[in-house]
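So you can see what is in the structure, the chains are spelled out below.
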Amino acid sequence: MKQNGLTRRSFLRSAGVTSLALGMTTANAASKREKLAKIPRAKPRNVIFILSDDHRFDFMGFMGKVKFLETPHMDRMAREGAHIQNAFVTTALCSPSRASILTGQFSHTHGVVDNNTDIQPGLVFFPEYLQQLGYETAFMGKWHMGHDSDDPRPGFDKWVSFRGQGEYYNGTLNVDGKKVKTTQHISDELTDNAVAWMKQDRKKPFFLYLSHKAVHAMFEPAKRHLDRYKDVPLEYPASMADTEANYRCKPRWVKEQRNSWHGVDYMYHGQMDFDTFYRRYCETLLSIDDSIGRVMDCLKEIGQDQSTLVFYMGDNGFCFGEHGLIDKRHMYEPSMRVPLLAYCPEVIKPGTKVPQLVQNIDIAPTVLEAAGAQPPQHMDGRSILPLLAGKETPWRSEVFYEYYWEANFPQTPTTFGVRTDRYKLIHYHGVWDTDELYDVQNDPDERDNLIDKPEHRTLVADLRRRMYDWLEKTDGMQIPLRREVGGRSDKRGPKATTEFKFHQESR
Ligand SMILES: [Ca+2]
């Protein structure tokens, strides 16, 4: 298959060189391409998947969390479509989550366990299946699996992307192999490309993957949104203050991270203060909301607004001071939960709420089912189409989580965990620290670590068993090791971290 001058074989060969350079094995990456069975009488529908970067689950106007934040187009998707209320990523980090979305697999299966790892030979992205099914496909925006190349990847007939994180302004796009300078904010630039492509005449069904750079740090709002929230009052989370009560029974690494690149006492090594950070993030998010509005308007204009399935999702969450942290990676709610909205009047009733536990690995099988095909066996996720359509269907009772320590940001340890709709067990690997258990229904802010309560011993043992069962069944019983590449954001700030104790206080 020829992809804009790059054959799949030559692409995989180049990817393989990178993988070997990073010292990776390919044992887990095998996901053999399967011939997909068609679903009888299914109508292949157009699908648009809009992804943002680091948008946390509750920063949407209709959620009421941030009083001043206006996101009319996200609100409209929730009002006229579905809000998937409990959506999670399997790893709260850009590249692993993106690879999970594209492959339907866990990080330890697809092998993209950090932001430096390129994709491994043998991985199949679901848009490759869509092409086989007769779709015309496009990728627009941030790819970010491997830093070094913006070349077109397999599975896409149209390609608009950039290297690594890209630039909010004055960047360079790779448009089907040609370098093109951007002339406006990246969210607008990508949306212009998306809308132009949607309007093209075609006989095939289409799939558009619109993958925004926003709202990743360092935040740069579109000029029309700059200073919109300059003077609004901010509310800080109750767990942000450096008090004994806030850190009683918390892991030591959490308190230490306050004083790092990813903590409120030394955030981004002093490059930005917390209030500016909060306001700039909200202002930058507005360009994403505008983008959703323009895509929806375009769908109406081309007469496809009733049948097209539109998703909006974040690739991972983000902390705004909870437990003294910023950023993601860890397993606390603001990090592992993501916004997920779906719109398709032919399938989804207005105002649908989906309470089930949904994950990023479910996107690939869902899109394939919307395209009229049975998802392949090698995918770990499941189609959520029945949930969106309000159909009774057996569903999972827990979601699993994994994060692997990165030399670039060494303040967050390797983490495994399991979350049900009631409890969350967080287990840390390779550090002498306490694990955590939370009752997320009664303690949604995760302030009361129950791990040492005698009455929860059986529960903890059961959750631990389920977590290891999952790792065993999915070939995840080893820590993927990668060669250290890139810079290190590992300085400690001037504020000293005081000694504190865990375990003794709760026993
Ligand atoms: Ca991200």
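Throughout, a residue's number is its position along its own chain's written sequence, starting from 1. This being a predicted model, a pLDDT of at least 70 is required before a residue's local features are given, and a value of 80 or more before pairs of side-chain atoms are given or counted; all residues contribute to the totals for chains, interfaces and linings.

The phi angle of most residues is negative, glycine excepted, and most peptide bonds adopt the trans form. Of note, the bond from Ala214 into Val215 is cis; its omega dihedral lies within 30 degrees of zero at 15°. On the secondary structure map, Val215 appears in the loop between strand E9 (206–211) and helix H7 (244–247). Between Ala217 and the following residue, Met218, the backbone shows a cis peptide bond with an omega angle of -5°. Among the structural elements, Met218 can be located in the loop between E9 and H7. Elements are defined by DSSP. Helices are runs of H or I of four residues or more, strands are runs of E of two residues or more, and each kind is numbered from the N terminus.

Moving on to the packing of helix H6 (residues 186–198) against helix H9 (residues 274–301). Throughout, an axis means a line fitted to C-alpha atoms (over the contacting stretch in the case of helices), and angles, computed between N-to-C directions, take values from 0 to 180 degrees. It is at 10 Å that the axes of H6 and H9 come closest, and there the two elements cross at 10°. One finds that H6 runs roughly parallel with respect to H9. For the pair formed by H6 and H9, the contact residues are Ser187, Asp188, Thr191, Ala194, Val195 and Met198 on the first element and Ser287, Ile288, Ser291, Arg294, Val295 and Cys298 on the second. Only Asp, Glu, Lys and Arg are considered charged in this grouping, and only Ala, Val, Leu, Ile, Met, Phe, Trp, Tyr, Cys and Pro are considered nonpolar; every other residue, Gly among them, is considered polar. Broken down by class, the residue content of the contact of H6 with H9 amounts to six nonpolar, four polar and two charged. Roughly parallel means an angle under 35 degrees; roughly antiparallel means over 145; roughly perpendicular covers 65 to 115; every other angle is labelled oblique. Residues are treated as contacting if the C-beta atoms built from their backbones sit within 7 Å of each other.

Glancing now at the sheet that holds strand E8 (residues 178–181). In this analysis, strands are considered paired if DSSP registers two or more bridges between them. Reading across from one edge, E8-E7-E6-E5-E9-E3-E10-E13-E4-E14 is the order of the ten strands in this open sheet, with mixed pairing throughout. Strands at the two margins of the open sheet, each flanked by one partner only, are E8 and strand E14 (352–359). Taken over all neighbouring pairs, the strand axes of this sheet differ in orientation by 15° on average, direction set aside. As paired strands, strand E4 (residues 82–88) and strand E13 (residues 340–343) are joined by two bridges and run antiparallel to one another. Counted as the bridge partner of His83 is Leu341 from E13. The strands touched by helix H2 (residues 72–80) within the sheet are E4, strand E10 (309–314) and E13, with E13 carrying the most contacts at an inclination of about 60°.

The next thing to look at is the confidence of the model for the protein. Regions with low pLDDT carry predicted coordinates that are not meant to be interpreted in detail. pLDDT is defined as a per-residue confidence score from the predictor, taking values between 0 and 100. Residue-level pLDDT values for the protein average 92, and 92% of them are 70 or greater. In this model residues 1–30 is a low-confidence stretch, pLDDT under 50, and it forms 52 contacts with partners more than four residues away in sequence or in other chains.

What follows concerns the nonpolar core. The term nonpolar core means buried Ala, Val, Leu, Ile, Met, Phe, Trp, Tyr and Cys residues held together as one set by C-beta atoms within 7 Å. The exposure label follows from counting other C-beta atoms within 10 Å of a residue's C-beta, where the C-beta atoms are placed from the backbone and the thresholds are 20 or more for buried and 12 or fewer for exposed, leaving partly exposed in between. Membership of the largest hydrophobic core comes to 120 residues, with the highest contact counts inside it found for Phe49, Ile50, Leu208, Leu210, Leu341, Ala342 and Val367. Per-element tally for this core: the top contributor is H9, with ten residues. Once residues lying within four places of it in the same chain are set aside, the contact partners of Leu208 are Ile48, Ala138, Ala194, Trp197 and Met198.

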